[in-house]
Amino acid sequence: MDSYNKHLQTLEDESIYILREVAAQFQKPVLLFSGGKDSITMAHLAKKAFYPAKIPFTFLHVDTGHNFPETIEFRDQFVSKLGVDLVVRYVQDAIDQNKVKEESGKYASRNSLQTVTLLDAIEEFGFDACLGGARRDEEKSRAKERIFSVRDDFGQWDAKKQRPELFQILNGKIEFGENVRAFPISNWTEEDIWTYILQENLELPSIYFSHKRTLVKRDGAYLAHSEYLNIVESDEIVEDIVRFRTVGDMTCTAALPSTANTVKLVLAENKASKHSERGARIDDQRSESALEQRKKDGYF
């Protein structure tokens, strides 16, 4: 076994340990599943962690209604094959109930609106731990997270109130009303994820690989053309061969021109890139602390 394979084995062992600790320490944990590469990896790790028993977590997807159709189709096929229960809660319901207000204008997105729907689902089902696929290498606010990140009874996160996790001892004790966000793949990098996907031969939604697509060229970025985008005069409609490095809403996830149509080619292309993975997430660029503010409000 070469050094990188040993590295992946160490990461897998750590993630399986975290998943088992969540199952042991919490009454009603849930695994957040979007159909993206990170949640697919996490689901695969959960399968390994508890095999041959069934995965002891419900899966939850907070559906903005602006997802890529390829991802939603893959999501449903994946959970059906895995044999787990999937709960879907919709941002549109929160809009209809006047709990949140739909954004307007050129850069309108529903990403920030997910928080209310997520917190409502936690309260509705009594989930005391939410397993998320966030990684520390993605963004600086995520680098501040512990493996077990405690949220108060309003679902809010305080970066200054992080528990020590010395010697991999995870403390899941919480007060009534609090809940924990747990991150089994926190110490993985984007390269680790793709190398593991290659090693384990995991299936992914087709949008991760090069394909021809109608796009909206806006401010130098390429967005998938869809009914959800508010088209403005300066936008240009084009066609190109692209792939998506990360998967969020169609309104805020930029594509990159690419001919990488296999996991090996994606790995090579990512290694050569000078841009970060979340550089393609336009909603993160609204301010220097955009994601951190959403996390403080209850988002991942």
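As a reminder, the structure under discussion sits directly above these lines.
Residues numbered from 1 in each chain as written. Predicted model: local features only at pLDDT ≥ 70, side-chain atom pairs only at ≥ 80, totals over all residues. Heavy atoms only, no water.

1. Remarks on the sheet that holds strand β9 (residues 236-243)
Stage number 1. Spatial ordering of the closed barrel is given by β7-β8-β10-β9, a layout of four strands whose pairing is antiparallel. Looking at each pair of strands side by side, their axes are set apart by 60° on average, direction ignored.
Stage number 2. In this structure, strand β7 (residues 211-218) lies alongside β9, joined through seven bridges in antiparallel fashion. Considered in β9, the bridge of V216 is made with I237. (Pairing = 2+ DSSP bridges. Helix = DSSP H or I, 4+ residues; strand = E, 2+ residues; numbered from the N terminus. Axes fitted to C-alpha atoms, helices over the stretch in contact; angles between N-to-C directions.)

2. Details of unusual backbone geometry
Stage number 1. Geometrically, the link from Y51 to P52 is a cis peptide bond, its omega value of 5° lying close to zero.
Stage number 2. By secondary structure assignment, the location of P52 is in the loop between α2 (37-50) and β2 (58-63).
Stage number 3. For N98, which is not a glycine, the phi torsion comes out positive at approximately 60°.
Stage number 4. Tracing the backbone through its elements, the reader meets N98 in the loop between α4 (91-96) and α5 (114-125).
Stage number 5. Since its relative accessible area comes to 69%, N98 is described here as exposed.
Stage number 6. Phi angles above zero are rare outside glycine, and N201 is one such case at about 55°.
Stage number 7. If you trace the backbone, N201 turns up in the loop between α6 (190-200) and β7.
Stage number 8. In this structure N201 comes out as exposed when scored by relative accessible area, which is 66%. (Buried < 20%, exposed > 50% of the residue type's maximum accessible area, 1.4 Å probe, protein only.)

3. A few points about the environment of L267
Stage number 1. Considering the arrangement of structural elements, one finds L267 in helix α7 (residues 263-272).
Stage number 2. Since its relative accessible area comes to 9%, L267 is described here as buried.
Stage number 3. A C-alpha to C-alpha distance of 9.2 Å links L267 and L198, two positions 69 residues apart in sequence.
Stage number 4. Aside from chain neighbours lying at most four places away, what touches L267 is E191, W194, T195 and L198. (Contact = heavy atoms within 4.5 Å.)

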